[in-house]
Amino acid sequence: MADSQLEALFSRIFAVAFYNSPDHGSRRPPVVVLSVLAQELEAELGQRPVLDTAVLDRVLVSRLIEAPPANYPQPPIQYLMGCYERASEELRKAGANEQIKAAVATSRDLILNYAGLALFAGIVVQPPVLETRGAVQLMDALLLRYGLPAVALTAAVAPVFAGPGGGGEAAAAAYVAGSVPMPPGFLEELAVRHDSDEGLADAAAKIVVELSRLVSVISPLGDPGPHLTALSHLLSLEPLARGSVAARSWMPGDMRAASGRAVVLPGACWLGPFFNISPISDDVRGATIQEPSVLAQCFSGVENRRPGDVSNAVSGLRLAMKNITGQLHGVVKSLLKMRTTKGRMLQWLGAVLEGNVGRSKLRFDQEAVAPDGFLANVAAVLLKLCGPFLDTSPGSAFWKRVDPGFVAAGGMLDSSYSAETRLAAASDEEAAWRERVRSHSGASASAPADGSGSASPTGDGGGGGFHFICQAFFLTAHALHIGPVRSMTHLEGDFGHSIHFLRSHVSQSEAMMQEMTNPGERAVAQVALSRAKAQLDYMQARYQAFLTVLLDTALVADVLAFYRLMAAWLTSLATGVSGPSGAAALSLPLPEPAPQAFTCMPEYFVEDMCSVLLFVSRFAPQLLSPAADGAGVRLDEFAVFFTTLMASPQYIRSAFLRSKLSEVLELWLPQNEDEEPTGRAAFRRIRGPSGPAAELAALFNCHPIVVQHLTPVLVRLYNDIEHTEREGAFYFKFNMRITISNILKYLWAQQHHRAVWLKAVRDEEYRGNSERFANMLLNDLTYLLDEALKLLKLLREAEDTRADEIRWAAMSREDRDELVHMQERNGQNLTAMIRSATSVIDTLNFITEEADTTRTLLQPHMVERLRDSLNYFLKYLVGPERRQLRVRNPEKYNFNARELLRGLATVYLHVDSIDRAIAANAGSGAAAPVFAAAVGGDKRSFKPEYFLEALAVLDAAGLLTVGQREQLESLSQRALAASSVAEAEDEVMGEDVPEEFLCAIMSTIMKDPVMLPSGVVVDRPSILRHLLSDNTDPFSRLPLTEAQLVSEEGLAARIAEWRRMRTR
């Protein structure tokens, strides 16, 4: 190659020349004429110098250090990147010309060397403002390369130029105009070339911190793509990635001490703000505001927007978040792949989750934890990391790598796990198991296997030698627990209730304003109303933002796939059969004792699974469809898993959790198109998961475990939740019993399920769980009526007060507000009570259709319980007390006295029919029917006129057939006759009954006396009735079982003889 050609090549690359030329004026960037250096070289060489490799180093010294040009449009760093880009272009054009390739290689070496001197040594002179900016200029070039508009970069760097001597906005614009998009290969070669330079790590740290600061104020609508792509590029280079994770601002030394919120502060944790980009804005005091505002642009005034506009906004945001989480996944995956950064990345993930353990509590300080959007993104990325092993097939590496011992000795979530309730293990059992696991795994913690890294900062991040698949699985479970699942429960709980309260408050305020006549008072109320409406609009917009994130189809699919794997894994622990074949090995009852590897797992492993399925079933049931628009989930696998756990209190100790499993199944009940939802479902949703009813029916009617065990399991669970331990358990149990009753009603209509139920009752000889179930129904019915009467009285008093204009006007505004609030709350409680009472009557209705289930209610100690509840309810529905039930607009509370009365009458009729049929089938020598006699023997509530009034009410409404009317009249007459006989017997017996003949509990003459361990003698039906609710001796309070009762046959004979003598 001729010298002139080589000189032209270098001149084009470095934009320099020794002498002026006519073509210099048209070249960009401007050519710098190094006349001083040319004179020096000419004097040294004795001839005109040529721009070649021999003088190239002196050319750059002159150009950058000794005589940098004034007012050149490109600062030194940007100039060098421009040189590199031009060198790369020359290389592309060189073809096979080895001389050009060599010249370009020499040029690149010098460019990279001087770039290092400029960035890391401070030798190259730069304007003061850029001297301060330093390596961050590389970030500017990266952002330009990845599409950040010049105007946006100008705005980002403007603060740097705003200080004294910076030049202001014009200087910022000029800097950006002269900046060069990062040339391909430049950063890669720079990192490799200066890997050993101390300044490289500092440069990487400065760049990521500045990127973090810039991205912290960008919402998904603001296109953070260039920033995320720049970060991905930077962290794909090991020298720069190593320096970035070694930065002081990688994460606080003690995340829990610094508070979980520190993770989203750029100065404290530079990676956090990238994960904080979300439609769910952070609304605590002092939170960084992201622009453009998602709430303002997409969801403000959401109730007044066209559904299509909202849908488009949601779709756009989900597409943006798909790109964002995809890039975040790339960043994390890149750091995990590098040996030198894997440990730090795992430490970061573990510290973030540990630092936000407070979010697992029922109540927590929002200002002390990371925001919902941040943790949703963390969970989404972890789910993507789990993607390769979410398949439950036998060949998956998951089954060999996941070890339950991580919960005891993983070293990454130990503090979080220590505060969690376990599936069934008591605290001392869990502590002993944890100690055994830690002792056993002590060696592996210091000598990891399978290449999972070490316990050092560059190894497994404190993972205790567990494989990465194991670490990822448990990290993901915990991220979902404190992230999306917590957001779901918050949305359905406090957040949803707050919106409901605000809506009600706005409606009440608008109604009250109509009644105001004082202008001043009206003006004050208008201000308060406007404020409430604004708050309601903000909360509704935020609610929609939550749904946008939590119901994203891709996220839901990943979450459900994860919990499908969790269910399969827990099943394998329970059965002791490794791999997915554990499900095939399921049979009930499960082995006892339950394996500690199962019982010591955190309770939230199962509870979160329920929460997700409940949330999706209620808000987006179509996502549970196996169709193309769904998440492709196998609901049957969950149905079998839930049935198994509900049947196994040794495996799931909490009755609350077992009942929550049933709540999921209730939402999956098939529903015909023309079927009206009843019970709790009528107030929660209208449709179940999309798909034909036959597909949903298959969940309950195909698998042997579900068919053979679900009904007995639910009957037992109905009893067990009486003693649940959760906050608000008293009211919770009524909601759960409605749920269980709804499922039982559906199963009752399926012949094979009904057959299983009736067989279980016969096997227990009408005692056991079926007896406790019936007793709970009767207890609830009595309690619910009492509570409803109290609430109806309070509501009527409030209505009377508001209807009295003089009295209402005399009340202060605060007193009126309080009365309205209490009226609404009492109305909500009454609605709940009526719903529960309706469910109880409905359940009594269908279980008394069969002789086997009715026999339980006809036992001596149960039949009086039944008649007490029925008669008491009847008295208040048709007797003089019914005046207490009158309120305005009873339908507002779903209170329909006639329907309740019809349900009650149906129970009377069913029990009476079966009672007489049993007596008839038993033959002439058997005992007579007992129900009518029991009804008439109720001295507290029975009156024949109540039955007559019930007949009149039901007849007038056309709610009785001729046969039912005749039977109810007959029952009333037989009950009256029995009552007369009982009264006559009482007169005959007199009042001088021997003390030893009287039951110590009921003070009635005993028929079947038994002695208690305390030495007290009572009638058997009385103590059996007591034991249904309290398993202690009523006189000594010591534990008592039916087996401890001793029959007093001699006393029974004396009582019988005494009765015979009295009736002679």
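Here is what the cut-offs are and how they apply
- Residues numbered from 1 in each chain as written.
- Predicted model: local features only at pLDDT ≥ 70, side-chain atom pairs only at ≥ 80, totals over all residues.
- Heavy atoms only, no water.
- Phe/Tyr/Trp six-rings, centres within 6.5 Å; stacked < 30°, edge-to-face > 60°.
- Buried < 20%, exposed > 50% of the residue type's maximum accessible area, 1.4 Å probe, protein only.
- Helix = DSSP H or I, 4+ residues; strand = E, 2+ residues; numbered from the N terminus.
- Lys NZ or Arg CZ within 6 Å of the ring centre and 35° of its normal.
- Expected span 1.5 Å × (residues − 1).
- Polar contact = N/O pair within 3.5 Å; in protein donor to acceptor, adjacent residues only side chain to side chain.
- Salt bridge = Lys/Arg side-chain N within 4 Å of Asp/Glu carboxyl O.
- Pairing = 2+ DSSP bridges.

Moving on, we come to the packing of aromatic side chains. Here the structure, examined in full by the defined rule, presents 40 aromatic pairs. Pairing Tyr-72 with Tyr-79 gives two aromatic rings, centres 6.3 Å apart and planes at 90°, and the pair type is edge-to-face. Since its relative accessible area comes to 15%, Tyr-72 is described here as buried. What makes Tyr-79 buried here is its relative accessible area of 0%. Summarising the aromatic geometry, the rings of Phe-656 and Phe-732 are spaced 4.8 Å apart at their centres and angled 40° between planes, so their arrangement reads as tilted. In this pair, Phe-656 is assigned in helix H33 (residues 655–667) and Phe-732 in helix H37 (residues 729–748), connecting sequence segments 76 residues apart. The same class applies to Phe-656 as to Phe-732, namely buried. Site record: aromatic cluster; members linked through ring pairs are Phe-389, Phe-398, Trp-399, Phe-406, Phe-466, Phe-473, Phe-474, Phe-562, Tyr-563, Trp-569, Tyr-604 and Phe-605. Over the ring of Tyr-72 we find Arg-63; its NZ or CZ atom is 4.5 Å from the centre of that ring.

On to the environment of Glu-603. Looking at the secondary structure, you find Glu-603 in the loop between helix H30 (596–599) and helix H31 (604–619). Glu-603 gets classed as buried once you look at its relative accessible area, which sits at 5%. C-alpha of Glu-603 to C-alpha of Phe-10: the two residues are 593 residues apart in sequence and 70 Å apart in space.

With 23 residues, helix H28 (residues 553–575) should reach 33 Å at 1.5 Å per residue; the first-to-last C-alpha distance of 33 Å fits that figure. Burial runs high along H28: 17 of the 23 residues are buried. By the N-cap criterion, in which a side-chain oxygen at the helix start approaches the backbone nitrogen of a residue two or three places on, H28 is capped by Asp-552, the distance to Ala-554 being 3.2 Å. Positive phi shows up at Gly-576, right after H28, with a value of about 75°.

Side-chain pairs of opposite charge can arise where the charged atoms are in close proximity. Scanning the entire structure with this criterion turns up 54 salt bridges. The residue Asp-720 makes a salt bridge to Arg-716 at a minimum N-O spacing of 3.6 Å. Linking Asp-720 with Arg-716, this pair stays in helix H36 (residues 704–720), spanning four residues, or about one helical turn. Arg-716 sits in the partly exposed class, given a relative accessible area of 34%. Between Glu-850 and Arg-754 there is a salt bridge; the shortest N-O distance is 2.9 Å. Highlighted residues: Glu-850 in the loop between helix H41 (813–847) and helix H42 (851–857) and Arg-754 in helix H38 (residues 751–763), separated in sequence by 96 residues. In this structure Arg-754 comes out as buried when scored by relative accessible area, which is 13%. In this structure, a network of salt bridges that share partners links the residues Glu-722, Lys-733, Arg-737 and Asp-780.

On the basis of which strands lie adjacent, the open sheet formed by three strands has the order S4-S3-S5 and antiparallel pairing. Only two strands of the sheet have a single partner each, and these edge strands are strand S4 (1017–1019) and strand S5 (1046–1047). Pairing between strand S3 (residues 1009–1011) and S5: two bridges, direction antiparallel. Within the sheet, the bridge partner assigned to Met-1011 lies in S5 and is Val-1046.

It is worth spelling out unusual backbone geometry at this point. In the segment running from Glu-291 into Pro-292, the intervening peptide bond is cis, with an omega of -5°. Along the chain, Pro-292 falls in the loop between helix H15 (272–275) and helix H16 (294–299). Following Leu-588, the chain continues to Pro-589 via a peptide bond in cis, the omega torsion being 0°. Along the polypeptide, Pro-589 turns up in the loop between helix H29 (581–584) and H30. Positive phi is not limited to glycine here, since Tyr-766 has a value of about 65°. Along the chain, Tyr-766 turns up in the loop between H38 and helix H39 (768–803). The residue Asn-889 is not glycine, and still its phi comes out positive at about 50°.

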